[in-house]
Number of protein chains: 2
Amino acid sequence: MGSQRYCVIMCGGAGTRFWPFSRESRPKQFIDFFGTGQTLLQMTVDRVRRLVPEENMILITNEQYADTVREQLPGVSTEHILLEPTRRDTAPAVLWAAHHIAARNPEASFVTLPSDHVILKETAFQEALRKGFEFVEKGKRLLALGVPAKSPNTSYSYIQKGDPFHSSHTLSHIKTIAEKPGREMAKIFVRSEEFLWNAGIYLGKAKTVIDAFNRDVPDMASRFDVEAFNYLGEAESEFIADIYPKISSLPVEYAIMDRASNSFVLESDLGWSDLSTWNALHGISPKNKDGNVTQNCRSLLYNCKDCIVAAEGDKVVAVWGLKDYIVADTDNALLICPIEAEQRIRNIVNDIRERFGSEFI
Amino acid sequence: MGSQRYCVIMCGGAGTRFWPFSRESRPKQFIDFFGTGQTLLQMTVDRVRRLVPEENMILITNEQYADTVREQLPGVSTEHILLEPTRRDTAPAVLWAAHHIAARNPEASFVTLPSDHVILKETAFQEALRKGFEFVEKGKRLLALGVPAKSPNTSYSYIQKGDPFHSSHTLSHIKTIAEKPGREMAKIFVRSEEFLWNAGIYLGKAKTVIDAFNRDVPDMASRFDVEAFNYLGEAESEFIADIYPKISSLPVEYAIMDRASNSFVLESDLGWSDLSTWNALHGISPKNKDGNVTQNCRSLLYNCKDCIVAAEGDKVVAVWGLKDYIVADTDNALLICPIEAEQRIRNIVNDIRERFGSEFI
């Protein structure tokens, strides 16, 4: 069965929430976030290596990052790197990947994974994926991985569990998917124990995924509905260059997962974080006794509490008397900002672009 | 008269109070502190250019900084750079300079200047020096420049004025010199209007200076009391290498200025600061409407007040919500510290040396 299993790693996302660490030219999936010597993308690839043969591993990214992906994953052959000519969110990417895989093996199943999240429980992850593959291979089923919601995070998407699948404790139908609830709603979600954090990891057979798009988003699906040879070799990039700009931008969870009666969720405690904020990073990182997190740098913190201090290279950072602060230092930019003001980083980044130019972004 | 006037610029001082900007290998006199393109040493040299001919300009520094001085002052010939083989404070340096100058011109007068201070009122400075030279050339007189004490600074040395010289408003006998008074004492000094900040600038004829040393510190003076040829050419460095390690370390104001009946002070508002602390730097620097001082970097400060933000090169620095803080960033070290805790920088520097090595110091 192994060779029928594919993996699609999404690594085209942009974003400046981790500025100055993430840059337009180097979003967070391409960064060695924890100073371990591996970028988040490389960690993601390593994580699925035991589950999917190397030749079945597919990367999908924006053209802009083609060189970076090749550089970070020298083992992956170029034909397995799908380059999006424009940004169109995850639904078109997943549908393209499904056709690409089906053209190679009509019976294949695949898992699609974000490349910029962190998963601390490797074994639970691999177990969940094995179970997930077996589950979707047994029928026309789509499956999402859901993580027990531990706090009322307002930047996550939540999956509401419906009826259990055959009295399973971990497998349920999906009732709804709710994106970024308000604070109060998020609290209700967590209390109810019906809602799981959506890890953005989806499984299905290639043809089940294609069928779901045909059923739920026929406009988009029809663009991709061409002979298999269009998804092979040089024809593919020409074809995609032609259709991609005309397609709607849509996330996959709304395109097919949210509305389908054959959508399921597998609950698993993956030690997952989408690392979308410095606060999330602080939450999952090892802390010293004062709650401080330091990354990469040689740091000395005096009278500091609950700070994140991150610097590139071997830099020495000495900080005195800060509480709940982000100190993020790179070659040409330094950010010092309270964690609670981190949603303003976007504004800061815009101000800097305007004042000093985009080379700092 | 011009060619009888010499200037001795002291540039051998070390110190880490401005770490990470000042380093052991690059103390603050060698730094372009204000981002003007000139180091404090270069500014000091420029300041006296109109008063003293180029060939009468003498630099005295520690051997360790010989290359730095030559690099920063390519116009100064090597024979005018006196290299101390060991650190011995300012008294031996001034006495050596007096002999060195007397060997060239027994009738010469000279001014000795620190190289790491700032003087904002260039014209007042030049006027004071002209007046000072004339004054000391008229007799066996030693002269210090004193600056009206504007605040009870506890890290300065103070000169107490005695009787006015011939009912002058600006020239007085020196009554005492008091080093680094406590807070309450400093307040009394300022209120009394009898005390001036000691700018560390001294004038005298070479032979008057030598005489004062003979009178007040004969032990030290006798070491230097040799034939003039010992202060010429190659003989000089050999002779100094021999005697210097045996000499006591002593500041010039205590050696000869404090006790002598022929010591005078000239009061002049020079816009002077010894720049010994970040706070002093903050005090004299131009500020934005929120009291923030930014140096060298491209900075964006949000909700910040009374901070100093300094970075090397074209770095972008974004700071949110700090009050009374120092943010000092260099290539391999970053310091974030409340201004009021700046006396602890010394400890931080020691900790860093111990933990990470002296390459960061």
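Note that the coordinates shown come from a computational prediction; the quantities given were computed from them, not determined experimentally.

Draft legend 1. Structural context of the overall build of chain A. Scanning chain A for helices and strands turns up eleven helices and 17 strands. Expected size for 361 residues packed as a compact globule is a radius of gyration near 21 Å; at 21 Å, chain A falls within 12% of this value. Summarising its shape, the C-alpha atoms of chain A cover approximately 60 × 45 × 35 Å along the three principal directions. Taking contacts inside chain A between residues at least 6 apart in sequence as the whole, the part at least 24 apart equals 67%. In the structure as shown, chain A presents an accessible area of about 14900 Å², 47% of it carried by carbon and sulfur atoms. Taken together, the 41 basic and 48 acidic charged side chains of chain A have centroids lying 5 Å from each other.

Draft legend 2. Local environment of the relation of the copies chain B and chain A. Superposition record for chain B on chain A: RMSD 0.1 Å, screw rotation 180°, translation along axis 0.1 Å. This pairing of chains is accounted for by a two-fold axis. For chain B, the residue whose C-alpha comes nearest the rotation axis is Asp331 of chain B, separated from it by 4.0 Å. In this assembly the copies share their binding face: 100% of the residues contributing to the interface of chain B also contribute to that of chain A.

Draft legend 3. A look at the sheet that holds strand β12 (residues 293-295) of chain A. Across the sheet, which stays open at both edges, the six strands sit in the order β12(A)-β14(A)-β16(A)-β17(A)-β15(B)-β13(B) with mixed pairing between neighbours. A strand with exactly one partner marks an edge of an open sheet, and here the two such strands are β12 of chain A together with β13 (298-302) of chain B. For this sheet, the mean inter-axis angle between neighbouring strands, taken without regard to orientation, is 5°. The sheet contact formed by strand β14 (residues 308-311) of chain A and strand β16 (residues 325-329) of chain A spans four bridges and is parallel. Each residue of the ladder has a partner; that of Ala310 of chain A, found in β16 of chain A, is Ala328 of chain A.

Draft legend 4. Quick peek at the interface of chain B and chain A. Counting residues at the interface gives 35 residues for chain B and 35 residues for chain A. With both sides pooled, the region where chain B packs onto chain A buries about 2900 Å², and carbon together with sulfur makes up 68% of that total. Our count for the chain B to chain A interface comes out at two salt bridges. The residue Asp329 of chain B makes a salt bridge to Lys315 of chain A at a minimum N-O spacing of 2.6 Å. At the boundary of chain B with chain A, the tally comes to 20 residue pairs in polar contact (both at pLDDT 80 or more). Mapped onto the side of chain B that touches chain A, the elements with two or more residues apiece are β13, β15 (316-320), β16 (325-329), β17 (333-338) and α11 (345-356) of chain B. Of the residues in the side of chain B that touches chain A, the class split is 22 nonpolar, five polar and eight charged.

Draft legend 5. Structural detail: the pairing of strand β9 (residues 195-205) of chain B. Residues and elements named next belong to chain B. Most of β9 sits inside the fold, with eleven of its eleven residues counted as buried. For strand β4 (residues 109-114) and β9, the ladder comprises four bridges, and the chain directions are antiparallel. Within β9, the position partnered with Phe110 by the bridge is Gly204. Summarising the sheet, strand β6 (residues 142-148) and β9 pair through six bridges and their orientation is antiparallel. The partner of Leu142 across the bridge, within β9, is Gly204. Note that strand β7 (residues 157-164) and β9 share three bridges and pair antiparallel. Along β9, the bridge assignment pairs Tyr158 with Trp197.

Draft legend 6. The confidence of the model for chain A, seen in detail. Residue and element names in this part refer to chain A. Per-residue pLDDT for chain A has a mean of 93; in total, 99% of the residues score no lower than 70. When mean pLDDT is taken per element in chain A, strand β4 (residues 109-114) scores highest with 98 and helix α10 (residues 278-284) scores lowest with 86. Scoring the predicted complex yields pTM 0.82 and, for the interface, ipTM 0.81.

Draft legend 7. Molecular detail of the side chain of His117 of chain B. Among the structural elements, His117 of chain B can be located in the loop between β4 and β5 (118-119). In contact with His117 of chain B, not counting residues within four places along its chain, are Leu40, Arg47, Ala199, Trp272, Ser273 and Asp274 of chain B.

Draft legend 8. Up close: the sheet that holds strand β12 (residues 293-295) of chain B. A sheet is described by the order of its strands in space; here six strands give the open sequence β13(A)-β15(A)-β17(B)-β16(B)-β14(B)-β12(B), paired in mixed fashion. The strands lining the two open edges of the sheet, one partner per strand, are β13 (298-302) of chain A together with β12 of chain B. When the angles between neighbouring strand axes are averaged without regard to direction, this sheet yields 5°. Of the strand pairs in this sheet, strand β15 (residues 316-320) of chain A and β17 of chain B are connected by four bridges, and their pairing is parallel. Residue pairing in the sheet places Val317 of chain A in a bridge with Leu334 of chain B of β17 of chain B. Across the sheet, α11 of chain B touches β13 and β15 of chain A together with β16 and β17 of chain B, and the angle it forms with β13 of chain A is around 145°.

Draft legend 9. Expanded view of the packing of aromatic side chains. Residue and element names in this part refer to chain B. Per the counting criterion, the structure on display carries 28 aromatic pairs over all chains. Consider the rings of Tyr156 and Trp197, whose centres lie 4.9 Å apart with planes at 80°: the pair is edge-to-face. Residue Tyr156 is located in the loop between β6 and β7, and its partner Trp197 is located in strand β9; the two are separated by 41 residues in the primary sequence. In this structure, Tyr156 and Trp197 share a single accessibility class: buried.

Draft legend 10. How the structure looks around helix α1 (residues 40-48) of chain A. Where burial is concerned, most of α1 of chain A is hidden: seven out of the nine residues are buried. In this structure, the buried residues of α1 of chain A make contact with β1 (5-10), β2 (57-62), α2 (66-72), β4, β5 (118-119) and α4 (122-137) of chain A.

Draft legend 11. Region of the structure containing the pattern of salt bridges. On inspection of all chains with the given rule, the structure shows 42 salt bridges over all chains. In this structure, the salt-bridge partner of Asp242 of chain B is Lys246 of chain B, at a minimum N-O distance of 3.1 Å. Exposure remark for Asp242 of chain B: the relative accessible area of 44% places this residue in the partly exposed category. Several salt bridges converge on common partners, so that one network encompasses Lys315 and Asp329 of chain A together with Lys315 and Asp329 of chain B.

What counts and what doesn't
Residues numbered from 1 in each chain as written. Chains lettered and ligands numbered in written order. Predicted model: local features only at pLDDT ≥ 70, side-chain atom pairs only at ≥ 80, totals over all residues. Heavy atoms only, no water. Helix = DSSP H or I, 4+ residues; strand = E, 2+ residues; numbered from the N terminus. Rg over C-alpha atoms; globule rule 2.2 N^0.38 Å. Contact = heavy atoms within 4.5 Å. Areas by Shrake-Rupley, 256 points an atom, 1.4 Å probe, with all protein chains shown as cover. Lys, Arg positive; Asp, Glu negative; His and termini not counted. Charge placed at Lys NZ, Arg CZ, Asp CG, Glu CD. Least-squares fit on C-alpha atoms with pLDDT ≥ 70 in both. Pairing = 2+ DSSP bridges. Axes fitted to C-alpha atoms, helices over the stretch in contact; angles between N-to-C directions. Buried area = accessible area lost by both parts, 1.4 Å probe. Salt bridge = Lys/Arg side-chain N within 4 Å of Asp/Glu carboxyl O. Polar contact = N/O pair within 3.5 Å; in protein donor to acceptor, adjacent residues only side chain to side chain. Nonpolar A, V, L, I, M, F, W, Y, C, P; charged D, E, K, R; others polar. Buried < 20%, exposed > 50% of the residue type's maximum accessible area, 1.4 Å probe, protein only. pLDDT = per-residue confidence, 0-100. Phe/Tyr/Trp six-rings, centres within 6.5 Å; stacked < 30°, edge-to-face > 60°.

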